[in-house]
Amino acid sequence: MADAIVDKVTARLVEGRLRAMLRVTPTGVESGFTKRRSLRKEWISAEHVRLVVPGVLDERG
């Protein structure tokens, strides 16, 4: 997993379904064994995203 900043939001038709897509820029903060080679912007499906907002607490905290 890696932290990233959402740069652009759009929707694309994939296999007959409309899917939310996000263009993200990695921040360099990762929790993996291998280091990211570049910090280039990438398009990812919104299905693979967890939103974290700094300074906002959920019911656990």
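Summary of the structure given here. Since the structure is predicted, the reported quantities are computational estimates derived from the model, not experimental observations.

**Here we look at the overall build of the protein chain**
The helix and strand inventory of the protein chain stands at zero helices and three strands. Counting helices and strands in the order they occur from the N terminus, the protein chain gives β-β-β. Taken across its 61 residues, the protein chain has 8% of its residues classed as buried. Here the contacts in the protein chain between residues at least 6 apart in sequence split such that 28% fall between residues at least 24 apart. For the protein chain, the accessible area works out to roughly 5700 Å², and carbon and sulfur atoms hold 54% of it.

**Some words on unusual backbone geometry**
Comment: phi is negative for the bulk of residues other than glycine, and the bulk of peptide bonds are trans. The backbone phi angle of glutamate 15 is positive, close to 50°, even though this residue is not glycine. Mapped onto the elements, glutamate 15 comes out in the loop between strand 1 (2-14) and strand 2 (17-30). What makes glutamate 15 exposed here is its relative accessible area of 75%.

Reading the values: rules and limits
- Residues numbered from 1 in each chain as written.
- Predicted model: local features only at pLDDT ≥ 70, side-chain atom pairs only at ≥ 80, totals over all residues.
- Heavy atoms only, no water.
- Helix = DSSP H or I, 4+ residues; strand = E, 2+ residues; numbered from the N terminus.
- Buried < 20%, exposed > 50% of the residue type's maximum accessible area, 1.4 Å probe, protein only.
- Contact = heavy atoms within 4.5 Å.
- Areas by Shrake-Rupley, 256 points an atom, 1.4 Å probe, with all protein chains shown as cover.

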